[in-house]
Every structure is written in structure tokens, then in C-alpha cells.
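Below, each chain spelled out in residue letters.
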Amino acid sequence: MQPQSQDPVPHPRLGTIETIVVDSRTLSCDGGLGALGHPRVFLRIAHHQTFCPYCSRLFVLNPDAPAGVEH
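To keep things clear, this report deals only with the structure shown in the data block. Worth saying up front: this structure is predicted, and the values here are computed from it rather than measured.

## Focus: the pattern of salt bridges
- In this structure the tally under the stated criterion is two salt bridges.
- Put simply, R57 and E18 hold a salt bridge, and the shortest N to O gap is 3.0 Å. You can see R57 sitting in the loop between strand 4 (49–51) and strand 5 (58–61) and its partner E18 sitting in the segment before strand 1 (19–22), a full 39 residues away along the chain.
- Here R40 makes a salt bridge to D30, at a shortest N to O gap of 3.4 Å. Here D30 lies in the loop between strand 2 (26–29) and strand 3 (41–44) and R40 lies in the loop between strand 2 and strand 3, a separation of ten residues in the sequence.
- Since its relative accessible area comes to 51%, R40 is described here as exposed.
- Given the relative accessible area of 29%, D30 is considered partly exposed.

What counts and what doesn't
- Residues numbered from 1 in each chain as written.
- Predicted model: local features only at pLDDT ≥ 70, side-chain atom pairs only at ≥ 80, totals over all residues.
- Heavy atoms only, no water.
- Salt bridge = Lys/Arg side-chain N within 4 Å of Asp/Glu carboxyl O.
- Helix = DSSP H or I, 4+ residues; strand = E, 2+ residues; numbered from the N terminus.
- Buried < 20%, exposed > 50% of the residue type's maximum accessible area, 1.4 Å probe, protein only.

Honestly, that's just the spatial picture; any functional story needs more than this.
Here's what the structure looks like:
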């Protein structure tokens, strides 16, 4: 039997961040819950990722996305 540590390392259970990989730098988010979602917002990925200010979804640009793909 091993002795218990006097200072155990805490392991907080934080919520998970929904990460969505996309192929376009322009996108929209409505929360994905239908009527329980949020107003649709249009987002633009400037570098390699952005997040939704309403639901905190993280949108990551696919590194294999063709250059110049805009919708």
C-alpha cells in the first residue's frame, strides 16, 4: 500500500470545448440546438482558429484546406 500524498494534484473537471474543423475562413454559427441555440453570427478565421462569442465553439481551419477557398 502506497502512502497518500500530502499535496494531491487537483484534477478539475472543466467543461469540454466543442471543436469544429472547417475548410473555409468564413462561416456561421447558430449554436446547433435549433430553437434552443443562439442568433446566427457570421465569423471569419483570420489566422488558424476563431471562436463563437455566444456558445464558445472553437472553429479551426483545416490545415489541408485548399488556399483561397472562401464561401
